[in-house]
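Observations on the three-dimensional arrangement
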Amino acid sequence: MNGGAVDIIKKDPKEGGHGFAGVARHSEGRADIQKPAHCFDIKDLDLYYGDFHALKDVRMEMEKGRITALIGPSGCGKSTLLKTLNRMNDLIEGCRITGDVELFGENIYGNIDVNMLRKRVGMVFQKPNPFPLSIYDNIAFGPRTHGVKSRYDLDEIIETSLRDTAIWDEVKDRLKKPALDLSGGQQQRLCIARALAVSPEVILLDEPTSALDPVSTGKIEELLINLSGKYSIIIVTHNMQQAARISDMTAFFLLGEMIEYSSTEAMFARPEDKRTEDYITGRFG
Amino acid sequence: MQALKEKIMRAVFFLTALSSILAVALICYFLLSNGLPAIGEIGPQEFLLGEEWSPSDTPPSFGILPMILGSLYVTAGAIVIGVPIGVLSAVFLARVCPKKLYKVIKPGVDLLAGIPSVVYGFFGMAAIVPLAGNSMLSACILLGVMILPTVVAISESAIRAVPEHYYEGALALGAGHYRSVFRVLLPAAKSGVLAAVVLGVGRAIGETMAVIMVAGNQARMPVSLFKGVRTLTANIVIEMGYATGLHRDALIATGVVLFVFILIINISFSVLRGKAL
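The rules we used
- Residues numbered from 1 in each chain as written.
- Chains lettered and ligands numbered in written order.
- Predicted model: local features only at pLDDT ≥ 70, side-chain atom pairs only at ≥ 80, totals over all residues.
- Heavy atoms only, no water.
- pLDDT = per-residue confidence, 0-100.
- Contact = heavy atoms within 4.5 Å.
- Helix = DSSP H or I, 4+ residues; strand = E, 2+ residues; numbered from the N terminus.
- Buried < 20%, exposed > 50% of the residue type's maximum accessible area, 1.4 Å probe, protein only.
- Polar contact = N/O pair within 3.5 Å; in protein donor to acceptor, adjacent residues only side chain to side chain.
- Buried area = accessible area lost by both parts, 1.4 Å probe.
- Salt bridge = Lys/Arg side-chain N within 4 Å of Asp/Glu carboxyl O.
- Nonpolar A, V, L, I, M, F, W, Y, C, P; charged D, E, K, R; others polar.

Our focus in this paragraph is the confidence of the model for chain A. For chain A, the average pLDDT comes to 86, and 87% of its residues sit at 70 or higher. Of the regions scoring below 50 in pLDDT, residues 1-33 of chain A engages in 55 contacts with residues more than four places distant in sequence or in other chains.

Residue and element names in this part refer to chain A. Examined against the element boundaries, threonine 264 turns out to sit in helix α9 (residues 264-269). A relative accessible area of 5% places threonine 264 in the buried class. Separated by 2.7 Å, the side chains of threonine 264 and serine 247 make a polar contact. The residues touching threonine 264, leaving out its near neighbours within four places in the chain, are Ala243, Ala244, Ser247, Asp248, Met249 and Thr250.

What follows deals with the interface of chain B and chain A. Residue-level contacts link 18 residues of chain B with 26 residues of chain A. Across the interface of chain B and chain A, roughly 1700 Å² is buried in total on both sides, 68% from carbon and sulfur atoms. At the surface where chain B touches chain A, the tally comes to zero salt bridges. Applying the counting criterion to the chain B and chain A interface returns three residue pairs in polar contact (both at pLDDT 80 or more). Looking at the side of chain B that touches chain A, the elements with two or more residues in it are α7 (164-172) and α8 (177-188) of chain B. Here the side of chain B that touches chain A takes eight residues from α7(B), the largest share from any one element. Per-class residue counts for the side of chain B that touches chain A are 10 nonpolar, four polar and four charged.

Put into structure tokens, the structure is as follows:
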């Protein structure tokens, strides 16, 4: 598609001091000079599963500290794109990509440590997947993986992560109890807390509320809005209202192509492409 | 006509299904009816805790504690040797092994399960006894190998049964492959792996022929890894040929004790498997 649609960037008052949001395409300065305002720069990305061309020439820049929603009908490639961002697609046999994906200017398909990448880019899955361990050990798993040993530090990380995900009061008295005893919504917030515990820069969420009831969904949406700013958030969602409610930017995908990418406000008020309009008005999907 | 056929078929299936229950019931009946009176005659305490087994002395002693301990020690040794190797092999087969290699290793492990125990015995006599002597150690090593296929097969399916999203969740936190496997997948498969261990225990405690061929079989309290030892099963097989009277019944009572062990093991297996599901 045309790369031009990518450049719609809106100055957001809540960005406050950062002010880099207005620096557009050519801001790929070195990180030591100034951090670019994009968490991810995706350049000419093509992805194949065997012979199947799943992503076609995707180009987009995802903004730092904002919520970017990826929407589109099933099979449009939005989850696939999400998985390329922390290289979970490495697990899929026959998956091949061309093009560049840069995280703060660094090509994540170059010579990098994938485990470090996944520490920097956390992921929350569609189905809540707490480990069959205690609540405490679930959150502690990530920090322990990355070398945090002291009980004191772990306790602090666990409390902070659980407070940040607004679940602390619900679980503080049963940290040693199995995480699988929690309700679905609590499990998903625990999974977000688990992702936060390794201090990521970006959080990817793959339809995080599609298995949850409306009340739990509302809590998670509120939580994501609170977390944005501190973290860059990229969320795949089937639910257009959800994208409209929480995201700053929205990208619409169809059959592996990015059809349109603009501020959520603009996208839902004045979609530029006929196909986007058809989708968000519910004419297909 | 059709209905009659149905009825007949149902009866046939019912009877075949009943046959294994019947077999268990018959075994129970004959074992208990012959063994329990002997235990009564010898005295339960004398029988189970007696340290002396000398059936041909006058008066004879029928204490099977040496054999009970012998069986327990040998089994424990087999577990110590076989379980770590077996569980690690299962992890390898389930999560590490390239497909081509799997096609070689998996049938190899399965073949191990099909080798007759007397052949294991020969292997033990030829390969282990020259190094470790006719001793408890030899029996432990040999049994450790013999329980491998059981432990590997059951642990492997337990590890494969762990939902993939646990593994992905661990990777997504920046954990490497091995950390994800050992810290998340394996703990998640815990009850299945335990069930594998319990079945391994069952296999080891019931094994007879291979143990007799390498263990030395002295009917005395086990003293050292490097000395001979006699198990419950060995005790029965070695003496049954010539035993008469109370001696014979005492051997059958030894079978009762073995049967109780197996019962305990099977019950714990079902409990663990229930937990795994």
